[in-house]
Amino acid sequence: MTENYYWAKIINLEEVEDLNEKDTLELEIELDDGRPLSIILAKDNTQESGWLAFENICTHDSESLGDGEIDFKSHTVKCPRHGAIFDILKGDAMTLPAVAPIRVFSVKADEGALYFHIPSKI
Ligand code: FES
């Protein structure tokens, strides 16, 4: 079965114009159904849109990944609590103690805003 996706607005581009390459921003997004979603937005010119985004929660024990160490060469983030490493482009958990992937999102810039691609049933 295929999953439906929609583009959700993250933020206006003017609000992130001061970010430099590899800067990150923690954002709380409201989904179409009203639920909140915490994400980390990072400026990364190796990506087609110039941005990447991933969910701001470790799948091991729900730690925020916002204080985690991001490596933009390997595109990984290390959880600050127990050290699990995740691929921030694919979401894969690469090291224990995490085994489940994090959610990652495609990002596009359009009409002065950034949007991310999100499954309808997240
Ligand atoms: S909470 Fe992230 S590795 Fe344990």
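Residues numbered from 1 in each chain as written. Predicted model: local features only at pLDDT ≥ 70, side-chain atom pairs only at ≥ 80, totals over all residues.

**Here's the deal with the overall build of the protein**
Right, on to step 1. For the protein, the count of helices and strands is zero helices and ten strands.
Right, on to step 2. In the protein, the succession of helices and strands from N to C terminus is β-β-β-β-β-β-β-β-β-β.
Right, on to step 3. By the compact-globule yardstick of 14 Å for 122 residues, the protein fits well, its C-alpha radius of gyration being 14 Å.
Right, on to step 4. In terms of overall dimensions, the protein has C-alpha extents of about 40 × 35 × 25 Å along its principal axes.
Right, on to step 5. A burial count over the protein gives 25% of its 122 residues as buried.
Right, on to step 6. Within the protein, contacts between residues at least 6 apart in sequence are counted, and of these 38% link residues at least 24 apart. (Helix = DSSP H or I, 4+ residues; strand = E, 2+ residues; numbered from the N terminus. Rg over C-alpha atoms; globule rule 2.2 N^0.38 Å. Buried ≥ 20, exposed ≤ 12 C-beta atoms within 10 Å, placed from the backbone. Contact = placed C-beta atoms within 7 Å.)

**Regarding the environment of Thr-59**
Right, on to step 1. Relative to the elements of secondary structure, Thr-59 occurs in the loop between strand S4 (51–55) and strand S5 (69–71).
Right, on to step 2. Sequence separation of Thr-59 and Phe-86 is 27 residues, and the distance between their C-alpha atoms is 9.7 Å.
Right, on to step 3. If we skip the residues at most four places from it in the chain, Thr-59 touches Ala-93, Ala-98, Ala-100, Pro-101 and Ile-102.

**A look at the sheet that holds strand S7 (residues 85–87)**
Right, on to step 1. Within the open sheet, the three strands sit side by side as S5-S6-S7. Their pairing is antiparallel. Strands with a single pairing partner mark the edges of an open sheet, and in this sheet they are S5 and S7. Between one strand axis and the next, the sheet turns through 20° on average, direction left out of account.
Right, on to step 2. As paired elements, strand S6 (residues 76–78) and S7 share three bridges and run antiparallel to each other. Bridge pairing in S7 places Val-77 opposite Phe-86. (Pairing = 2+ DSSP bridges. Axes fitted to C-alpha atoms, helices over the stretch in contact; angles between N-to-C directions.)

**Considering the sheet that holds strand S8 (residues 104–105)**
Right, on to step 1. Across the sheet, which stays open at both edges, the four strands sit in the order S2-S3-S4-S8 with antiparallel pairing between neighbours. Lying at the two open borders of the sheet, with one neighbouring strand each, are strand S2 (24–30) and S8.
Right, on to step 2. As paired elements, S2 and strand S3 (residues 36–43) share seven bridges and run antiparallel to each other. When the bridges of S3 are listed, Leu-27 appears paired with Ile-39.

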